[in-house]
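# Summary of structural features
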Amino acid sequence: MALPPVTPFAAQPRGLSGGGLRRPSPAPPGAALRLGPLFWPWEKVKVGPLSVSPMGFGTWAWGNQLLWGYQESMDSELQECFNLALKNGINLFDTADSYGTGKLNGQSERLLGRFIREFEGPIKSPDDVVIATKFAAYPWRLTSGQFFSACKSSLERLELDRLGIGQLHWSTANYAPLQERALWDGLVEMYEKGLVRAVGVSNYGPKQLVKIHSYLASKGVPLSSAQVQFSLLSMGDEQMELKTVCDSLGIRLIAYSPLGLGMLTGKYDASNLPKGPRSVLFRQILPGLESLLTCLKQIAEKKGKTMSQVAINWCICKGTIPIPGVKTVRHVEENLGALGWRLSPAEISELESAAMAAPKKMIQNVFQTA
C-alpha cells in the first residue's frame, strides 16, 4: 500500500528560533477504528519533550567505507532517502560524531545537515526534524568542557543551532570510571545552555542507566532516551530488564540494529554472505537461525509483508522506537511498510519462541555496561 505524503517540517537551521510540535496529518479513512497502539508514520510518540515518528532511521552507513561500503557517489541517493522519509512522516534521524571512517569522520552529520538545508519543502516549525546525535566517549575527552565542545562541533557539522537529542555514545564505567562523571556533567551543560532539547544515552545497561538517571535528575536534567541493540536476535534478559527500567523511569528505548545487521532480512544465507567484516559474524550466527527465519517468512507471507517489516514491527510492538539503517530508496520504501499495522500477540509469541531457540544470538556491543 502506498503511503500518503505528509507535509514535513524542517529542522532548526542556524538563526531560526522558536518551538512547537508537529500537528498530525489526517488519518486515512477507517484508521480511527484501529485497535491497540497501531502507528502510522505521521503519528508521533514522545521522547521527553519531543514528538517523534514511531520509527526513525539510522545513518551509521553514511560515510562508513569499512563496514557499509560508502562512496561519495552514493550521496545523491542518500539525499533521496532523506527526502522520501521526511515526506512520509519520518522525522527522527540518528547519527554520531564518530560516524564516517578515516578522513570521512563526521560525514554522516555533514550529510544530514546538507540534506536538511536542501530539502525542498516549507519550514513550518523548528525542531521538527529531530536529529539525535551521539558523542563518543573518547579517552581524550576527560572534562565536561571537552564533552560540551564535542556537541558544539557536531552542531557546526550539521549547521544547526540546536539538536533534538544529545546522547552519550557509550559508558566508560567498565574501563575508566573516573571519566564517566565528567561526561555526565558535559551532558548537563549541553542541556542547560540550550544546545540540546533532550538528553539520552547509548549502550547503557539497566544498573548504570539507573545511576545516570539519578545523577542527571539531581541536576534538574531529565534523561529522555536510552539507545541499545534490540531485536529478535538481541532480546536477552538484560535487554528486557533495561526495557522495564526505562518504562519505570519514563525513558524511551530506541532500538538500534533492529534487523540484526541484516540477518533478519532473509536476504542472506551460508552461500550468500555480505561483503566485508559482517560476513564473519554472519557465518557464525546464520546457520542457527533457520527456525527463526522460517517463522519470520511465514508470518510475513500471511500478512503480505516482508521479513524486514515483520522484524521491525516486532520492535514497535515491544514499545521501542526502532531505527533501521537506510542507504537506498528501496530500504526506505520497505521500512515504511513496517508501520500502519501490528503483529498479533500469538505472532509475537511465535517469533520470540523461535528466537530463544536459536543457538547463537547477536554479539553485544563491547561497550555495553551492566
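Residues numbered from 1 in each chain as written. Predicted model: local features only at pLDDT ≥ 70, side-chain atom pairs only at ≥ 80, totals over all residues. Heavy atoms only, no water.

The name given to the protein chain in an unreviewed UniProt entry is NADP-dependent oxidoreductase domain-containing protein, with the source organism recorded as Urochloa decumbens.

### Some remarks on the nonpolar core
Ranked by internal contacts, the top residues of the largest apolar core, which has 99 residues, are Phe 93, Leu 209 and Leu 296. For this core, the element with the highest residue contribution is helix H10 (residues 307-317), accounting for 8 residues. Apart from residues no more than four positions distant in its own chain, Leu 209 is found in contact with Val 201, Tyr 204, Leu 223, Ala 226, Leu 242, Val 245, Cys 246 and Ile 251. Val 45, Ala 198, Ile 254 and Tyr 256 belong to the second largest nonpolar core, which has 13 residues in total. (Core = buried A, V, L, I, M, F, W, Y, C linked by side-chain atoms within 4.5 Å. Buried < 20%, exposed > 50% of the residue type's maximum accessible area, 1.4 Å probe, protein only. Helix = DSSP H or I, 4+ residues; strand = E, 2+ residues; numbered from the N terminus. Contact = heavy atoms within 4.5 Å.)

### A word on the packing of aromatic side chains
Tallied over the full model, the rule gives 10 aromatic pairs. Seen in terms of ring centroids, Tyr 138 and Trp 140 are 4.5 Å apart; in terms of plane orientation they differ by 20°. Their pairing is stacked. The class of Tyr 138 is buried, set by a relative accessible area of 18%. For Trp 140, a relative accessible area of 56% gives the class exposed. With centroids separated by 6.4 Å and ring planes inclined at 80°, the aromatic side chains of Tyr 138 and Trp 170 adopt a geometry described as edge-to-face. Of this pair, Tyr 138 sits in the loop between strand S5 (130-135) and helix H4 (144-158) while Trp 170 sits in the loop between strand S6 (163-168) and helix H5 (177-192); the two residues are 32 residues apart in sequence, bridging distant segments of the chain. (Phe/Tyr/Trp six-rings, centres within 6.5 Å; stacked < 30°, edge-to-face > 60°.)

### Some words on the environment of Leu 178
Within the fold, Leu 178 resides in helix H5. Residue classification places Leu 178 among the exposed residues on the basis of a relative accessible area of 82%.

### So, the state of the cysteines
Per the counting criterion, the structure on display carries 0 disulfides. No disulfide involves Cys 315; its sulfur sits 9.3 Å from that of Cys 317, the nearest cysteine. (Disulfide = S-S within 2.5 Å.)

### Re the sheet that holds strand S3 (residues 57-58)
Here 8 strands make up an open sheet; going across it, the order is S3-S4-S5-S6-S7-S8-S9-S10 and the pairing parallel. The sheet is open, and its two edges are formed by S3 and strand S10 (321-322), each paired on a single side. Relative to strand S8 (residues 223-229), strand S7 (residues 196-202) runs parallel, the two sharing 4 bridges. Note that in S8 the partner of Gly 200 across the bridge is Ser 225. Across the face of the sheet, helix H3 (residues 107-118) comes into contact with strand S4 (92-96) and S5 while running at roughly 145° to S4. (Pairing = 2+ DSSP bridges. Axes fitted to C-alpha atoms, helices over the stretch in contact; angles between N-to-C directions.)

### Quick look at unusual backbone geometry
Positive phi values are uncommon outside glycine, yet Glu 159 reaches one of about 55°. Take Glu 159: it is sitting in the loop between H4 and S6. Despite not being glycine, Leu 261 shows a phi value in the positive range, around 60°. Inspection of the secondary structure puts Leu 261 in the loop between strand S9 (252-256) and helix H8 (278-285).

### Quick notes on the pairing of S4
Of all 5 residues in S4, 5 are buried, a share of seventy percent or more. As paired strands, S3 and S4 are joined by 2 bridges and run parallel to one another. Residue pairing in the sheet places Gly 58 in a bridge with Asp 94 of S4. With 5 bridges joining them, S4 and S5 adopt parallel strand pairing. Bridge pairing in S5 places Leu 92 opposite Val 130.

### Thoughts on the side chain of Asn 335
Note that Asn 335 resides in helix H11 (residues 329-336). On the basis of relative accessible area, Asn 335 is assigned to the buried category, the value being 4%.

### Things to note about the pattern of salt bridges
The tally for this structure, following the rule as stated, stands at 12 salt bridges. Among the ionic pairs, Arg 141 bridges to Asp 97, the shortest N-O distance being 2.9 Å. On the criterion of sequence distance, the pair formed by Arg 141 in the loop between S5 and H4 and Asp 97 in the loop between S4 and H3 is long-range, its members being 44 residues apart. The exposure class of Asp 97 is buried, given its relative accessible area of 3%. Note that Glu 347 and Lys 303 form a salt bridge whose closest N and O atoms lie 3.3 Å from each other. With Glu 347 in helix H12 (residues 345-357) and Lys 303 in helix H9 (residues 290-303), this residue pair connects regions lying 44 residues apart in the sequence. On the basis of relative accessibility, which here comes to 4%, the residue Glu 347 falls in the buried class. Here the salt bridges do not stand alone but share partners, grouping Lys 267, Arg 330 and Glu 334 into one network. (Salt bridge = Lys/Arg side-chain N within 4 Å of Asp/Glu carboxyl O.)

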